[in-house]
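# Descriptive analysis of the structure
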Amino acid sequence: MCLYLVLVLSVFLSIIQAVDRSNFKTCDQSAFCSRQRAMKPGQSSYRALLETLELSDSHLTVQLLNNNNKVLLLLELYRLQGNMTRVKINELKPVKPRYEVPDVLITDPPTELMSVVAQDEHRVVLSLGGEDWRLILSAQPFRLDIMEGPQVLLSLNSRGLLAFEQLRIQGEEAEEEVDQPGMWEETFKTHADTKPNGPSSISLDFSLPGVEHVYGIPEHADGLRLKNTDGGDPYRLYNLDVFQYELFNPMALYGAVPVLLSHNTHRTMGLFWLNAAETWVDVSSGQGSSEVPQTDVRWISESGIIDVFIMLGPRPNDVFTQYASLTGTQAFPPLSSLAYHQCRWNYNDQEDVSAVDQGFDEHDIPYDFIWLDIEHTDGKRYFTWDNNKFPQPKDMLQGLLDKRRKMVTIVDPHIKVDSSYKIHTEIRSRGYYIKNKDGGDYEGWCWPGNAGYPDFTNPEMRKWWASMFAYGQYEGSMENLYTWNDMNEPSVFNGPEVTMHKDALHGPWEHRDVHNLYGFYVQMATAEGQIQRSGGLERPFVLTRAFFAGSQRYGAVWTGDNAAEWGHLKMSIPMCLSLGLVGISFCGADVGGFFKTPSAELLVRWYQAGAYQPFFRAHAHLDTPRREPWLFGPDNTALIREAVRQRYTLLPYWYLQFYHAQRTGQPVMRPLWVEYPEDIATFSIDDEFLIALQPGEDDALAQTNSPPVSSGVTAYLPGNGEVWYDVHTFQRHDGAQNLSIPVTMSSIPVFQRGGSIICRKNRVRRSSSCMENDPYTLYVALDSQGNAEGELYIDDGHTFKHETDKQFIHRRLSFTANSLSSSDLSPDSQFPSASWVEQVNILGAQKPDAVTLTTTDGGESSVEFAFDPDTAVLTLRKPGMNAGVNWTLHLR
Amino acid sequence: MSCALLLLLMSLALAMGTGAAVEIQRPRGVPLSKRQFYEENKPFTCLDGSSTIPFDRINDDYCDCRDGSDEPGTAACPNGSFHCTNAGFRPAFIPSSRINDGICDCCDTTDEYNSGATCQNTCREMGRKERESLQIMAEITKEGFMLKQQLIHEAKRGQEDKQGKLTELQGSKKGLEEKVEALRTVKETAEDPEKEAKERHLKSWEEQKELIRMEKDKTRMAEAFLELDDDADGYVSVAELQSHLELDPDSDGSLTETETQGLLGGADKVDTSTFETVWSGIKDKYLSEGLSDPPAPVETPQEEETRDFVSDPDSDHYPEDYAGEEEDVEDDEEDDHEEEEEEKVPPTVQTPEKRADDEVSMPPYDTETQSLIDAAQKARDDFDEAERALREVDDQMKNLEKEIGFDFGPSAEFAYLYSQCYELSTSEYIYRLCPFNRVSQKPKFGGSETNLGLWGQWAGPEDSLYSVMKYDHGQGCWQGPNRSTTVKLTCGKETVVTSTSEPSRCEYLMEFTTPAVCQEPASLDEVLQGHTEL
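What counts as what
Sequence order as written defines residue numbering, which begins from 1 separately in each chain. Whichever chain is written first is A, and whichever ligand is written first is 1; the rest continue in order. Totals for whole chains, interfaces and linings use every residue, but because this is a predicted model, local features are given only for residues with pLDDT of at least 70 and side-chain atom pairs only at 80 or more, for both listing and counting. To obtain the side-chain values, all non-hydrogen atoms of the structure were used and water was disregarded. UniProt positions are given in the numbering used here, feature names are shortened, and annotations may be inferred rather than shown by experiment. Going along the chain from the N terminus, every DSSP run of H or I of four or more residues is numbered as a helix, and every run of E of two or more is numbered as a strand. Any two strands with at least two DSSP bridges between them are considered paired. Contact criterion: two residues are considered in contact whenever any of their non-hydrogen atoms come within 4.5 Å of each other. A simple way to read buried area is as the amount of 1.4 Å-probe accessible surface that goes missing from two parts once joined, with both sides added. The salt bridge criterion pairs a side-chain nitrogen of Lys or Arg with a carboxyl oxygen of Asp or Glu, the two atoms within 4 Å. Each residue is assigned to one class: nonpolar for Ala, Val, Leu, Ile, Met, Phe, Trp, Tyr, Cys and Pro, charged for Asp, Glu, Lys and Arg, and polar for all the others, Gly among them.

Chain B carries the name Glucosidase 2 subunit beta in an unreviewed UniProt entry, which gives Hucho hucho as its organism.

As annotated in an unreviewed UniProt entry, chain A carries the name Neutral alpha-glucosidase AB and comes from Hucho hucho. The UniProt entry for chain A carries this comment under Sequence similarities (unreviewed entry): "Belongs to the glycosyl hydrolase 31 family." UniProt, in its Pathway (unreviewed entry) section for chain A, records the words "Glycan metabolism; N-glycan metabolism."

Turning next to the UniProt feature "domain: EF-hand" (unreviewed entry) in chain B. In the UniProt entry, the feature "domain: EF-hand" (unreviewed entry) is given for residues 216-251 of chain B. End-to-end, the C-alpha atoms of residues 216-251 of chain B are 28 Å apart, and along that stretch the chain is 50% helix and 8% strand.

Residues and elements named next belong to chain A. Here nine strands make up an open sheet; going across it, the order is β33-β32-β31-β28-β24-β23-β22-β35-β34 and the pairing parallel. Each edge of the open sheet carries a strand with a single partner, namely β33 (587-588) and β34 (590-591). As paired elements, strand β24 (residues 406-410) and strand β28 (residues 481-485) share four bridges and run parallel to each other. Along β28, the bridge assignment pairs Ile410 with Trp484.

Below, the discussion takes up the interface of chain A and chain B. Between chain A and chain B, the residue contacts involve 28 residues of the former and 25 residues of the latter. Taken together, both faces of the contact between chain A and chain B bury some 2,300 Å²; the carbon and sulfur share is 37%. Taken as a group, A:Asp623, A:Arg766 and A:Arg877 account for 27% of the area that chain A buries against chain B, more than any other trio of residues on that side. Counting the contacts that link chain A with chain B gives eight salt bridges. Counting only elements with at least two residues in the side of chain A that touches chain B, the list comes to β48 (837-843) and β52 (873-877) of chain A. Tallying contributions element by element places β52(A) first for the side of chain A that touches chain B, with three residues. Split by residue class, the side of chain A that touches chain B holds six nonpolar, six polar and 16 charged.

Pasting the structure below:
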């Protein structure tokens, strides 16, 4: 099933006030990166000592010797269930432990038996299961090759770039190694990094024969397909608060997921580099041997160990399943969080909140959440309210609750150093702050001025933090108040690269080791707090800016501080697609653009695009003029209203997608190539996308966002032999063609794939909660064989009862042989729903003579219908059956 | 779902306590005004004419009409509209999407007939409250309107006063202009003889000064001669002069014989009478041997310049008449320069000598000249006085014209706000509105005032232009626009700022009550009538 979105924009590149690049390091300015990158491909100095090989049930170990300095490494190889291989390399005897990332894997990955197929003094051949899956370990030079039959799928260290800077005690001579500047201290701008542990970086190369397209490793403001980094900087993964980020740039942004996907017409694979330190990734595509295309990838990290998961696919959905089995799936969000969010820095006071709330009612635009940014607090002390502006937060929240709406307040991880602020004094007295290199509490500048940073890597700290969300602790909070974690890279205004000093200490570990994990833990602790405050009953909703692999388990992510420019609107698609590929489905960009002021046209187009992206929130910078949807004249208000209403009608569909995302780990918003893995034309498309379930299933929608002054756009409709229906006009188009679509300001070109059934709720109300009991309208889009399939998922929308008590409805809808029927996909679950089916639209239908409805109780009734011969749409009037029961509609 | 017909018990009595209960049958959500379109048991034609459906499909929870007119009482149509009678209060239309959404929208609870929401009928209470507040508003309006009449009256009178004053001032301006001209003639007539007498006096003083100077010079020359004539032979010889290195014409540090001879006019020695011509050539450089402090060792070109510069103010005398503001400016500049230079070069020894020279002052004017000066001064004073008076009248007229020209509303009812200021104190700031002038904000606890905008224009909507004032071009915002303030005027007995806010960064909103916007009140009956359906 897929919801298919095409976004085509003319990019009006105005004067772009770019990021101040000098604030952030290039590879050359990063000592370990430049050191590692200076090493060129060639014969590896490592040799596998096969005589040390040990094979147990779960894994194989073998020592690696660095011929240059005689240092020994230990290689561990695991064959994991689900067609994955894990490769771990650490020092055999490090002088002190090296950091291994905890808490990201949901479980110790279950292993499968590995057996030696063949062995001599040069190599060992291991079976990875099946007839012809092999792993070849070559001794000198050390290298690993993963084979399917005669074909090499992937090689490690084939370019000899394995490098492991062994830990040393400063002053002790290392054999054959000369200390270089930057190894024991490094200065960037005015910031010194003391590096008491000295050089500790690691590097490894991977070769992917036959691969031209690689994706992933977010977060970067760049196209979906990764570019060649030869001659430029590598893609950087280092969570940073980048002011006014630049487009088409490998610079690091707020979050990091070290997962890379490779794809060609017959195989999709993934590489998961489990390391939370600053990381650089070089991508180089070109001709390999014998004219076969090849992509080489090289990972460089500042510290930690090499721990890499090779996900062997072979299909895109297999890779998603494999990755989900390691880091978990997208948290199933409350239904309302999939609706529309209204945010601004800042809604000034209670009256302002009330006036904006009222504005939505006056202009009949639905919304579910209104957000309060940092100004709502008492002097940027999170968990507090500004007494003058928000004297009665509970009254305000009750007012929203009365309209079945909700609120989000911001809670950032920098804590104002103020002895009269309870949160601060508690954290200080419990010793929960991150320490500076000298052992005192680390302090830096952020919104409140001088601030401390709680050590979220400490489970005790996280437990305490979670307890602060209890209704009794967070004064003024109520059950319809949720949370936003911003600045959790962490952002330190006066720190190196606007973040924390790498020599700050998290217990025994340096910030250097854990940096990219910080935001992950902040969101984890916050989400846990929300669950706990309801006694484990309610699903949390937490938005985060910083993230890491596994962050999908804790809530939503947005693309940070973008700008009101056409280019940023366009970029929102590849940025969210990239996140979806690596498990983070609940993604969105600030609608309208955060910095600067959008034209009315840009704002309308952004609403139209945002309405079809997973996380749909408008946001604006403090210094920009107000931009609530009704401030741009009645025409634009109507256009925005229509876009938001389209979102609301599709909420059942979005909810179903997230239900599946949680169960399967498949992305909600996905690139075309994921559904059409053999269609090369789709491999580089990142201005169209699908909102989809598994391939082979059905619905699809496409959106084209048209540029100003343009009268039309061209969208690629994929799928040879497939048909697509324009969801507004029901016009039918063939797949595998470039379709010219005329557009106007009101156009949001979206297409439903033939063969799919989408359930909508067409009665759009004030908020999603108000639509709970409303009836469904089914859109049955027939494929060329006259068949269609779809699903419907219903639960209470906000609790864990679907898990704990099996309280949900999950149904299969299927149209075949002129009958549409609903059957139970989960007979052991139940949920009482008042919703019923008010209308069925069959697209691409023929006129029947009669339509009858059969229900399980044996009742049979005739259903009235209307057929429009121009559009070939058959509309069944009010069949009226409950959404949770079995039924069949027969067309005769 | 079946069609829901509703028996509506309409209380027409409202709060007035009159009238009888009437039963009127119509489908749920239909206003009485459209009742005739929904004829019972007859086919219903959608109000847009798009189709005709059986009567039992009205309010059957399925949308048949494109315009939503078949489902006025359900949420089935996206564009439907539901009518609440709200007996006891005001009837209202709500979007049909608010029917049975669990939120009480109609005070008579009729919108939540099937949602499980527990709504209280609050119409009577709301009606009562509204009547109360309408009553209060009506009273305020009434009183405000009376005040407004007064304001209009006062403004009219004020306007007339101002007009009268202006005419008066125009008259006196004419007289003053004539007076100024007459006094100018008197002044000029008195200044001619004054000028002549002063020049005469000055000339004779200059002559006298020249005599004194020459006398002094002669004395110096004689002293120099005696000083130079070391051997007291009555001649100054080359050798005797050669010791005075300061006289070196090429400033190369040595005074050669030839150079010295040149100074002596080619002679080897000169007697007192010939020395006169030599003296005139060397006196500027000559340093008396008797001075104990040596001069600046070598005269550098820089020092030469400096000396010229320092002497500038002395040589550049301003005529007394122009000694005014300008002089201060010039002085400042020169002081600056002097200071700069002084840092580099110490003052030369000659300066005190020159100052002493200047101290010789001019003798007082003789009686005749002095009386001419006194007469001229009086004429000048009289003239200045008359001119000042004329300027004052001009200013007054300008201010009056400006005020008369201001748009103070259709009946000048806002004129009383002119040159007044109104303040509102919030937790952080004191806001100050000076109508037709400016809006400002001052932090309560220290800090400087911020200009939130200068009077721009009336900015209400077309039908009530005078309900909104716009002040713009205030202090600029960082990375943002200049501050501006919108002032919303509402009817009130008092003239007072009731609230301020900053809805958008640097765009302020102020609520301001004044009787000047109070409209002529309709009678209370009319007010209430206008809000009921029947």
